[in-house]
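# Structural description and commentary
Residue-level listing of the chains:
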Amino acid sequence: MPPSSFSDIAEHLGLLGLSESEREALYAEVVSILRKRVLSRAVVALSPKDRANLDLLLDSDPTDDAVTGFLASMVPNLDEIVAEEVAALQTRLREGMDAAETFAAQNPAPSEEE
């Protein structure tokens, strides 16, 4: 089963060794990426009138809960979109970590004697 919470994702990606402030910054970035990706997919499902209403809502500096509530009421498959985007991000992050590990294994850091 794929990781579902941020701490599960952090553990899955081997990020638990980060400091608390580094984890918080990473979490904020992950949430921002997911928010943008979900919003861009959800907007496609909205009618022009609902898009205009969403624009008005976004112009009012809403809370995340207000935007989520609006989208949930207008996009019947929002949960599915969120799950797909979380899974896609997890895959991309894992691929990036794998590539970094492969690069590090193929290109060891020079020793201090060199």
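In this report, we go over the structure that sits alongside the text. A quick note: this is a predicted structure, and the numbers were derived from the prediction, not measured.

### Considering the overall build of the protein
If you tally the helices and strands in the protein, you get five helices and zero strands. Starting at the N terminus and ending at the C terminus, the protein contains elements arranged as α-α-α-α-α. Relative to its 114 residues, the protein shows a buried fraction of 22%. Considering only intrachain contacts with a sequence separation of at least 6, the fraction spanning at least 24 residues in the protein is 55%. Accessible surface for the protein amounts to roughly 8,000 Å². Of this, 57% is attributable to carbon and sulfur atoms.

### Notes on the side chain of Glu85
Of note, Glu85 is situated in helix 5 (residues 78-106). A polar side-chain atom of Glu85 sits 2.9 Å from a polar atom in the side chain of Arg41. In this structure Glu85 touches Leu34, Arg37, Val38 and Arg41, once residues within four positions along its chain are discounted.

### Some points on the packing of helix 3 (residues 48-59) against helix 4 (residues 64-74)
Between helix 3 and helix 4, the least distance of the axes is 11 Å, while the angle of their chain directions is 170°. Looking at the two axes, helix 3 sits roughly antiparallel to helix 4. Touching Asp50, Asn53, Leu54, Leu57 and Leu58 of helix 3 are Ala66, Val67, Phe70, Leu71 and Met74, all from helix 4. In the contact of helix 3 with helix 4, the residues fall into eight nonpolar, one polar and one charged.

### Regarding the pattern of salt bridges
By the definition in use, this model includes four salt bridges. Notably, a salt bridge pairs Glu85 with Arg37, separated by 2.6 Å at the nearest N-O pair. Of this pair, Glu85 sits in helix 5 while Arg37 sits in helix 2 (residues 20-44), and the two are 48 residues apart along the sequence. Relative accessible area serves as the criterion here: at 35%, Arg37 is assigned to the partly exposed category. We note a salt bridge from Arg41 to Glu85, for which the minimum N-O separation is 2.9 Å. Note that Arg41 is positioned in helix 2 and Glu85 in helix 5, a separation of 44 residues in sequence. Accessibility expressed as a relative area gives 4% for Glu85, which makes it buried. Through salt bridges with shared partners, one network takes in Arg37, Arg41, Glu84 and Glu85.

### Quick look at unusual backbone geometry
Despite not being glycine, Asp61 shows a phi value in the positive range, around 55°. As for its position among the elements, Asp61 is in the loop between helix 3 and helix 4.

Rules and cut-offs
Along each chain, residues carry numbers from 1 onward, in the same order as the chain's sequence is written. Per-residue local features of the predicted model are confined to residues with pLDDT of at least 70, and side-chain atom pairs are confined, for both listing and counting, to 80 or more; whole-chain, interface and lining totals are unaffected and use all residues. Values shown for side chains rest on all heavy atoms present in the structure; no hydrogens or waters enter the calculation. Labels follow the DSSP assignment, with helices taken as runs of H or I lasting at least four residues and strands as runs of E lasting at least two, numbered in each case from the N terminus. Partly exposed describes any residue whose relative accessible area lies between the buried limit of under 20% and the exposed limit of over 50%, with all areas from a 1.4 Å probe on protein chains only and scaled to the type maximum. Contacts are residue-level and defined by heavy atoms, with any inter-residue pair within 4.5 Å sufficient. Under the convention used here, a 1.4 Å probe and the Shrake-Rupley method define accessible areas, while residue burial counts only the protein chains that appear. Residues adjacent in sequence count toward polar contacts only when both atoms are side-chain atoms; beyond that, a polar contact is any pair of N or O atoms within 3.5 Å, and within protein one must be able to donate a hydrogen and the other to accept it. To obtain each axis, a line is fitted to C-alpha atoms, and for helices this fit is confined to the stretch in contact; angles are then taken between N-to-C directions over 0 to 180 degrees. Roughly parallel means an angle under 35 degrees; roughly antiparallel, over 145; roughly perpendicular, 65 to 115; everything else is oblique. Side-chain classes are defined by residue name, with Ala, Val, Leu, Ile, Met, Phe, Trp, Tyr, Cys and Pro counting as nonpolar, Asp, Glu, Lys and Arg as charged, and the others, Gly among them, as polar. What counts as a salt bridge is simple: a side-chain nitrogen of Lys or Arg found within 4 Å of a carboxyl oxygen of Asp or Glu.

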